[in-house]
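What the coordinates show
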Amino acid sequence: MGALDEGHFSVELEDGVNVEVGFEPETLPIEEAVKVLLQGLGEDINREGIRKTPARVAKALCEGTRGYRQKAKDIVQGALFPEAGLDEGVGHAGGVGGLVIVRDLDLFSYCESCLLPFQVKCHVGYVPSGQQVVGLSKLSRVADVFAKRLQDPQRLADEVCSALNHGIKPTGVAVVLQCLHIHFPNLELGFLDSTHQEWVKVSVCSGKGLFENSKATIWSDFLSLLKFRGMNVEKTRTKDSTSPCWCPSQSSSALIPCKIELVHQMDAAVTSILKSLGEDPSRKELVRTPNRYVRWLMNFEKANLELKLNGFVCGKMDPFHPSCNEAEMQSELNLAFWSLCEHHLLPFHGVVHIGYFCTKGTNPIARSILESIVHFYGFKLQVQERLTRQVSETVSSLLGGDVIVVVEASHSCMVSRGIEKLGSNTATMALLGRFSTDAAAKNMFLQSIQNTSTS
Ligand SMILES: Nc1nc2c(ncn2[C@@H]2O[C@H](COP(=O)(O)OP(=O)(O)OP(=O)(O)O)[C@@H](O)[C@H]2O)c(=O)[nH]1
Ligand SMILES: [Zn+2]
């Protein structure tokens, strides 16, 4: 287990970043840089919906990197409690050698490669020594200090492990992380591949002391205790096998050349944000980060939207007016969409379900056209309610007015920052024409969504 041999991951890493504890980044330069990014996207920075976005983004970034301004050893010190071990007999228990594990700590970190947040499930184990144990919450607090920085999964595991080793001075300490990174589709293709995986997953581990030997029985004890929680330990990767590019942004293609000037300005803005947060933009892992972030952001550029509709222009199709007698309900469910929250510049993504009426036996609109409409309204700075309304109005203008649209989405801004409501999901509904008065039709459509999601 190569990661476990890395002696250089000492607590000095905490000091490796050039900031002082207690230092608070100035938000104004970050806000100015965010304005440059919004303008680069073709947005009017005085528009009501995004007027406060620079301040929100600056606040989120400062919160998300607050770990640079915290010291792990300050957290552990003062929470070490004397706890007697076994006085006699054979074995390990209590304060001398009994394994202690805290599982399923939910953390969020920022990917140093693309600046998008990633989700972490963290498991920490240690073997106490010196007849003292540490307050359990401190394991989580220490992990959070390192998560709230720009990170890579393996480095995060190593830093948490080293800091705990240094702070607690245990016989051994181990950290296992299961990380999830949002995986945007290749937007240059102009359509969404139905087999696209929404997440990239990686598991990593790190160990000190007893855990430095990957074959030690203490590792199998730790992993057995993780198995109680259903974790497939066989899939845990170590530093040796970690792909250098777990972040999907590293494999996306280059920007179109005509945007070079604009992209340079936006790159410079992101570089200045990194500096304001106390990072060193010339650190080798960060050198291309501004460019990767800008490249991703430009997917939501306003001017690009017409192209993304694949030549389909709203209102060109003949309106279709089925008479209610012969009409039957049609539905297209689970149309994938990806969008950018205009409040925080963080992604939200999910599915759109569309129902409408048409004459029995006819199929007036192909799924691919509905996908294009969803795509069109998704790839811009959005709020979910507006996306829902825009999709419903567009479909209604094409298909004669009786339309129901349900959007289900997960918002990174609700999950990875602020309130941190992991697993939360938002559903919005628009009812036009007959669907607003005909409860039976509406319920039939809602039931069809339920049937597909349970099947
Ligand atoms: N209605 C709606 N709200 C959204 C959407 N995306 C993000 N938001 C919310 O926008 C709001 C912005 O609130 P503010 O108080 O201005 O910003 P904030 O301080 O970052 O808010 P918190 O998220 O509570 O930390 C938050 O409540 C977000 O949850 C969306 O698609 N629709
Ligand atoms: Zn990334």
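Residues numbered from 1 in each chain as written. Chains lettered and ligands numbered in written order. Predicted model: local features only at pLDDT ≥ 70, side-chain atom pairs only at ≥ 80, totals over all residues. Heavy atoms only, no water.

The protein is annotated in an unreviewed UniProt entry as GTP cyclohydrolase 1 from Vitis vinifera. Quoted verbatim from the Sequence similarities (unreviewed entry) heading of the UniProt record, the comment on the protein is "Belongs to the GTP cyclohydrolase I family." (UniProt positions renumbered as here; feature names shortened; annotations may be inferred.)

Turning to the nonpolar core, a few remarks are in order. L37, C122 and L177 are the most contacted members of the largest nonpolar core, which has 76 residues in total. The element that contributes the greatest number of residues to this core is helix α6 (residues 153-168), accounting for seven residues. Here L37 is in contact with M266, A269, V270, I273, Y293, V294 and L297, once residues within four sequence places are set aside. Residues L335, L370, V403 and V407 belong to the second largest nonpolar core, which totals 27 residues. (Core = buried A, V, L, I, M, F, W, Y, C linked by side-chain atoms within 4.5 Å. Buried < 20%, exposed > 50% of the residue type's maximum accessible area, 1.4 Å probe, protein only. Helix = DSSP H or I, 4+ residues; strand = E, 2+ residues; numbered from the N terminus. Contact = heavy atoms within 4.5 Å.)

In this section: the confidence of the model for the protein. Here the protein averages 84 in pLDDT, while 83% of its residues score no lower than 70. Counted against residues more than four places away or in other chains, residues 237-242, with its pLDDT under 50, gives 18 contacts. Counting contacts from residues 313-320, a segment whose pLDDT is below 50, to residues more than four positions away or on other chains yields 20 contacts. Of the two predicted TM-score estimates for the complex, the pTM is 0.86 and the ipTM is 0.94. (pLDDT = per-residue confidence, 0-100.)

A separate point is the coordination of the zinc ion (ligand 2). The protein atoms that coordinate the zinc ion (ligand 2) are C111 (SG), C114 (SG), H181 (NE2) and C247 (SG), at distances spanning 2.0 to 2.3 Å. Around the zinc ion (ligand 2), the four donor atoms are arranged such that angles at the metal cover 104 to 115°; this shape is classified as tetrahedral. Each donor residue of the zinc ion (ligand 2) belongs to the same chain, and together they define the spacing C-x2-C-x66-H-x65-C. With H181 in strand β6 (residues 172-182) and C247 in the loop between α7 (217-227) and α8 (260-276), this pair connects stretches of sequence that are 66 residues apart. An identical accessibility class is assigned to H181 and C247; each is buried. (Donors = N, O, S within 2.8 Å, 3.2 Å for Na, K, Ca; no water. Tetrahedral: all angles 85-135°; square planar, octahedral: opposite > 155°, others 65-115°.)

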